[in-house]
Amino acid sequence: MLTLGEYIRLYFLIEAQYIKGQMQYRADFLISSVGMFFSSLATLSIFVVLFNSIPDLAGWSLMEMVFIYAFYMIAISPMQILFDAVWFLRYKIQSGEFVKYYFRPMNIMFYFMSERFDLKGLTQLAAGIALLAYSSIRLGLVWPVGKVLILILAVFSASLVLISIAVMAGSSAFWVVNSYPVLALAWKVREFAPYPITIFDGIFRFAFTFILPIGFIAFYPAQFFLRPAEISPLFYLAPLIGIGLFALTYKVWDLGVNSWTGTGS
Amino acid sequence: MTLIHIQGLSKHFKILNRHEGLKGAVRDLFSGDYRTVQAVDGISLDIEPGEIVGYIGPNGAGKSTTIKMMTGILKPSAGVLQVNGLVPYDNRIRQAMIMGVVFGQRTQLWWDLPVIESFKILKEIYKVDQKMFDEHLGMFHELVGLKALYSQQARTLSLGQRMLCDITASFLHNPQVVFLDEPTIGLDVSIKAKIRSLILELNRTRNTTIILTTHDLGDVEALCRRIIIIDKGKILYDGDIKKVNALFGAYRTLKLQIKDYSEATLAALQDRLTGTFGAGHGITIAQTEDCWTDVTIDQARTPLADVLAFIMTNFTVEDVRIVEISMENVVRKIYDGALK
Ligand SMILES: Nc1ncnc2c1ncn2[C@@H]1O[C@H](COP(=O)(O)OP(=O)(O)OP(=O)(O)O)[C@@H](O)[C@H]1O
Ligand SMILES: [Mg+2]
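Residues numbered from 1 in each chain as written. Chains lettered and ligands numbered in written order. Predicted model: local features only at pLDDT ≥ 70, side-chain atom pairs only at ≥ 80, totals over all residues. Heavy atoms only, no water.

Visitor: Describe in detail the pattern of salt bridges, supporting the description with residues and values.
Guide: Residue and element names in this part refer to chain B. Applying the stated criterion across every chain yields a total of 24 salt bridges over all chains. In this structure, the salt-bridge partner of R226 is D238, at a minimum N-O distance of 2.9 Å. Note that R226 is positioned in strand β8 (residues 226-231) and D238 in strand β9 (residues 234-240), a separation of 12 residues in sequence. (Salt bridge = Lys/Arg side-chain N within 4 Å of Asp/Glu carboxyl O. Helix = DSSP H or I, 4+ residues; strand = E, 2+ residues; numbered from the N terminus.)

Okay, structure coming up:
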């Protein structure tokens with residue numbers, strides 16, 4: 001049986017080979033990176049246009065919005081880079097190809113997710129970091145070591161929430177023949193993440209905090225760095241929510257893996 | 001010690017009866033309208049280390065389902081199943097260490113990687129040491145000349161080449177038992193021959209237990225001493241291949257296309273064959289939907305050449321094919337008491 005260290009070694013071995021293989025699709029990588037760049041740019045320009053006609057959004061300035069968005073871009077990268085395979089789960093299940101993941105003496109989620117490594121997510125990560133640096137300079141934020149550590153922890157928690165939402169939605173394919181609507185919904189809901197939760201009222205704010213906790217993806221963490229005075233005590237729950245949600249997601253995945261009976265062959 | 005012990009093993013699937021349209025889909029969500037398929041129905045068998053067992057039967061007999069239970073993917077509905085003393089479903093990872101699996105035409109190589117890189121990843125997963133790894137690859141190369149394929153990506157290999165690599169990969173960690181589910185499906189004669197010699201050699205030199213399902217009775221004849229025949233989830237026969245060999249070894253089917261064929265031709269054929277070759281000629285005649293007349297001949301009783309010559313001189317035959325007896329016919333003959 002593999003130890004944690006061996007899993008990590010194996011991961012690097014597989015990804016190094018995978019990236020080498022992907023190098024022949026360099027054009028694909030470049031085009032999708034450019035695409036991703038422009039789609040982020042589009043969101044940012046919506047902010048700019050919006051702020052041309054209004055001075056602030058529920059009390060949040062343009063640069064603050066950019067900061068929240070940059071945080072979101074960073075937080076979503078691990079999901080895109082490491083868990084990209086989740087989008088292919090339903091095909092593998094429908095075709096019966098998923099059966100092969102049971103044959104190796106490995107954790108099935110590890111084996112499945114290690115089969116893809118999304119390089120263009122790295123471009124997004126870099127863009128997010130640059131944008132975060134730019135907005136925090138413009139906002140005059142200072143970064144003592146303690147704050148940097150909290151930032152890392154916050155990114156980690158937010159990533160876990162995003163990964164959980166994607167994997168949980170993907171896992172529905174174990175039970176539903178056409179799981180596309182579930183994935184599409186999860187993908188849509190995620191789009192609310194880079195906005196201040198305070199612009200939503202009552203029921204939505206409650207839902208985005210406690211039911212589909214996308215508030216923890218970007219807003220609550222960013223609030224800590226932007227307006228520490230207004231910080232919701234919920235922020236301190238973020239790591240717990242991230243880890244708890246991922247544990248729950250893993251349970252759901254495991255249930256799916258164990259109850260899937262495959263296709264006759 | 002027995003490697004695989006199976007006692008009264010069953011597996012059924014519950015299948016939702018789907019209804020049409022949107023209304024139907026909503027109804028399906030809440031309905032308990034299930035139908036059960038008994039895929040494996042109370043089988044018992046024991047397999048010893050080093051055996052090569054042919055596990056055969058017609059489509060839908062339950063072969064793959066049995067293998068999925070033995071490899072720990074499916075949980076049995078009832079019965080006892082132990083591999084190496086452990087329950088596969090509860091010990092999947094541990095069991096996977098001592099097993100090799102090749103499933104139909106689905107490759108387990110990393111699709112975009114050169115074959116050799118897949119092998120190296122497997123080496124890490126199973127913790128095969130370098131010396132053993134080199135030794136294995138050397139041996140495979142000698143047997144089937146694999147080296148030329150090493151630098152190719154799995155997705156660029158032909159079906160037969162990929163199957164060779166997949167089988168090689170399944171033996172890489174020197175497993176105690178290898179399951180091969182239809183390893184020769186869709187392959188040509190020369191690759192089939194290579195695969196057969198590879199399997200035999202690995203079994204001989206390493207005493208690896210092999211469980212093979214196939215629809216190609218040639219595979220069974222070439223590889224197995226013991227065969228298990230399963231149909232509708234139940235074992236029909238388990239034993240020495242010699243006894244059943246006669247069933248598919250001696251039988252051949254002549255497929256004929258007879259000019260101006262009519263019901264009367266069939267009757268005439270029947271009568272004249274009996275007249276010429278006597279009552280115990282062991283020849284059966286059947287008409288297939290696609291206008292062929294199937295004449296199945298037991299060569300132990302009547303030489304095929306004589307029957308063919310007789311038919312050719314007495315009827316106008318437009319086309320002839322000779323085929324080996326099919327799995328379905330073997331099973332039918334067993335039901336008809338051929339082994340009693
Ligand atoms: N996941 C599943 N869900 C529902 N029914 C299944 C499932 N897998 C197999 N079956 C059914 O169980 C029966 C046995 O199937 P199995 O795949 O074991 O047959 P097989 O002997 O391998 O056939 P073949 O030679 O065609 O591969 C079939 O009737 C099949 O339809
Ligand atoms: Mg099968």
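Visitor: Residues and numbers for the sheet that holds strand β6 (residues 177-181) of chain B, please.
Guide: All names here are of chain B. Strand order in this open sheet of six strands is β5-β6-β7-β3-β8-β9, and the pairing throughout is mixed. For this open sheet the edge positions go to β5 (99-103) and β9, each flanked by a neighbour on one side alone. Direction aside, neighbouring strands of the sheet carry axes that sit 15° apart on average. The pairing of strand β3 (residues 52-56) with strand β7 (residues 209-213) spans three bridges and is classified as parallel. Among the inter-strand pairings, I52 is bridged to a residue of β7, identified as I210. (Pairing = 2+ DSSP bridges. Axes fitted to C-alpha atoms, helices over the stretch in contact; angles between N-to-C directions.)

Visitor: Outline the domain arrangement of chain B, supporting the account with residue identities and numerical values.
Guide: As far as domains go, chain B holds domain 1 (4-246) and domain 2 (250-324). The straight-line distance from the C-alpha centre of domain 1 of chain B to that of domain 2 of chain B is 38 Å. (Domains from an automatic or database assignment.)

Visitor: Talk me through the sheet that holds strand β12 (residues 293-298) of chain B; I want residue IDs and the actual numbers.
Guide: Residues and elements named next belong to chain B. Spatial ordering of the open sheet is given by β11-β12-β10-β13, a layout of four strands whose pairing is antiparallel. Two strands close off the open sheet at either side, each with one partner strand: β11 (283-287) and β13 (317-324). Taken pair by pair, the neighbouring strands of this sheet meet at an average axis angle of 20°, ignoring direction. Summarising the sheet, strand β10 (residues 251-258) and β12 pair through six bridges and their orientation is antiparallel. When the bridges of β12 are listed, L254 appears paired with V295. In this fold helix α10 (residues 263-277) packs onto β10, β11 and β12, with an angle of close to 175° to the strand it touches most, β11. (Contact = heavy atoms within 4.5 Å.)

Visitor: Outline helix α10 (residues 219-226) of chain A, listing residues and values.
Guide: Residues and elements named next belong to chain A. For α10, the tally of buried residues reaches eight of eight residues, placing the bulk of the element in the interior. Those residues of α10 that fall on the buried side of the exposure criterion are F219, Y220, P221, A222, Q223, F224, F225 and L226. Where α10 is buried, its residues touch α3 (62-82), α7 (145-171) and α9 (202-211). (Buried < 20%, exposed > 50% of the residue type's maximum accessible area, 1.4 Å probe, protein only.)

Visitor: Break down the site of ligand 1 for me, with residues and values.
Guide: The immediate surroundings of ligand 1 are formed by 17 residues, with G262(A), K63(B), S64(B), T65(B) and H215(B) found nearest. Lying at an intersection of chains, ligand 1 is approached by residues of chains A and B. T261(A) places a polar main-chain atom, nitrogen or oxygen, 3.1 Å from a nitrogen atom of ligand 1. The contact in question runs from an oxygen atom of ligand 1 to an N or O atom on the side chain of E182(B), over 3.3 Å. Compared with its free state, where it exposes 630 Å², ligand 1 has 80% of that area covered by protein. Put simply, the parts of the chain that give the shell around ligand 1 at least two residues each are β1 (4-16), β2 (34-47) and α2 (63-70) of chain B. For the shell around ligand 1, the leading source of residues is α2(B), giving three residues. Grouping the amino acids of the shell around ligand 1 by side-chain chemistry returns five nonpolar, 10 polar and two charged. (Near = heavy atom within 4 Å. Polar contact = N/O pair within 3.5 Å; in protein donor to acceptor, adjacent residues only side chain to side chain. Areas by Shrake-Rupley, 256 points an atom, 1.4 Å probe, with all protein chains shown as cover. Nonpolar A, V, L, I, M, F, W, Y, C, P; charged D, E, K, R; others polar.)

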